[in-house]
Each structure stands twice: as C-alpha cells, then as structure tokens.
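Given next are the chains, with one letter for each unit.
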Amino acid sequence: VGFGPLMPNFSEVVPAMLQQGAAAQLADTAALVDFVRLMQRDTVRREQQSAAALAYATAQGAVHDRSIAALKPLLELARLT
C-alpha cells in the first residue's frame, strides 16, 4: 500500500499503518515510481509489507472486504488478480 502526502481524512489510519509497516507514504510522483519499482523488484519487502497490510486490514474488520470489492474491477483490468 502506498499513498500520497495529503491524507487528512485518514489522520488516525495513516500513522497506524506506517507504524505497523503496512504502508508507505510517498511524497510525490517520483517517489511513487520508485515505490512501485521497489515492490516489483524486492520480493521479501513486498511480501513483508503485504503481510503487514493484510494484518492491519484484518484487524479493522469488514473495511478490508469492502475495499477489495471496490478495487477488484480495477485490479482485474490491470490483470493484478
């Protein structure tokens, strides 16, 4: 999970996700490109962050299921599922 610097609507979620290693906050477009490349290249890091993100989402309850359901059509279009 990566997100930009402007997350005022998620002021409680962002620090928790960052602290748990479940996300990365990205300053700009260049940082996003670097993050995507890192996740593609570094299997261990990708798996660690993915596991942390899943643990965080699972702890949050049904929000995970609703988010995945909303993202699934986009992921299928990108052939990431």
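All of the points below concern the structure found in this document. Nothing here was measured: the structure is a model prediction, and the numbers come from that model.

## Considerations on the overall build of the chain
Now for step 1: Counting its regular elements, the chain contains 4 helices and 2 strands.
Now for step 2: Listing each helix as α and each strand as β along the chain from the N terminus yields β-α-β-α-α-α.
Now for step 3: Taken over C-alpha atoms, the radius of gyration comes to 13 Å for the chain, in line with the 12 Å a tight globule of 81 residues would show.
Now for step 4: If one aligns the C-alpha atoms of the chain with their principal axes, the spans along those axes are about 30 × 30 × 25 Å.
Now for step 5: Out of the 81 residues in the chain, the part that is buried amounts to 20%.
Now for step 6: The contacts of the chain with a sequence gap of at least 6 include a subset with a gap of at least 24, amounting to 35%.
Now for step 7: Looking at the chain as shown, the accessible area adds up to about 6,100 Å², and 59% of this sits on carbon and sulfur atoms.
Now for step 8: Distance between charge centroids for the chain: 6 Å, based on 7 positive and 7 negative side chains.

## Focus: the environment of A53
Now for step 1: With respect to the helices and strands, the residue A53 is situated in helix 3 (residues 43-59).
Now for step 2: The spacing of A53 and A23 is 30 residues in sequence and 6.7 Å in space, taken between C-alpha atoms.
Now for step 3: In contact with A53, other than residues within four places in its own chain, are V1 and A22.

## Description of the environment of A31
Now for step 1: With respect to the helices and strands, the residue A31 is situated in helix 2 (residues 29-41).
Now for step 2: For the pair A31 and E47, spaced 16 residues apart in sequence, the C-alpha to C-alpha distance is 20 Å.

## Notes on the nonpolar core
Now for step 1: Among the nonpolar cores identified, the biggest contains 9 residues, and these are F3, V14, A16, M17, A22, A23, A52, A53 and Y56.
Now for step 2: Put simply, the parts of the chain that give this core at least two residues each are helix 1 (13-19) and helix 3.
Now for step 3: Other than its neighbours up to four places away in sequence, M17 contacts V1, A22, A23 and Y56.

## Thoughts on helix 2
Now for step 1: Taking 1.5 Å of rise per residue, the 13 residues of helix 2 would be expected to cover 18 Å, and the 18 Å separating its terminal C-alpha atoms lies within 8% of that figure.
Now for step 2: Buried within helix 2 are the following residues: F35, L38 and M39. Take helix 2 and look down its axis: the buried residues cluster within an arc of 95 degrees, on one side only. Counted as exposed and oriented over 90 degrees from the buried face of helix 2: T29, D34, Q40 and R41.
Now for step 3: If you follow the buried residues of helix 2, they end up packed against strand 1 (2-3), strand 2 (24-25) and helix 3.

Calculation criteria
- One numbering rule holds for all chains: residues counted from 1, following each sequence as written.
- In keeping with the model being predicted, local features are shown solely for residues with a pLDDT of at least 70 and side-chain atom pairs are shown and tallied solely at 80 or more, while totals for entire chains, interfaces and linings include all residues.
- Hydrogens and water molecules were not included; the side-chain quantities draw on all heavy atoms of the structure.
- Strands are runs of DSSP state E lasting at least two residues, helices are runs of H or I lasting at least four, and both sets are numbered from the N terminus onward.
- Note on method: radius of gyration uses C-alpha positions; expected globular size equals 2.2 Å times residues raised to 0.38.
- For the exposure calls, accessible area comes from a 1.4 Å probe over protein chains only, and a residue counts as buried if that area is under 20% of its type's maximum, exposed if over 50%, partly exposed in between.
- Contacts: residue pairs with any heavy atoms within 4.5 Å of one another.
- To measure how exposed things are, a 1.4 Å probe is used in the Shrake-Rupley method; for residues, cover is taken only from the protein chains shown.
- Charged residues are defined narrowly, with Lys and Arg counted positive, Asp and Glu counted negative, and His plus the chain ends left uncounted.
- The location of each charge is read from NZ of Lys, CZ of Arg, CG of Asp or CD of Glu.
- In this description, a nonpolar core means a group of buried Ala, Val, Leu, Ile, Met, Phe, Trp, Tyr and Cys residues linked to one another through side-chain atoms lying within 4.5 Å.
- Every helix has an expected span of 1.5 Å times one less than the residues it contains.
- Note that the arc is defined by the directions from the helix axis to the C-beta atoms.

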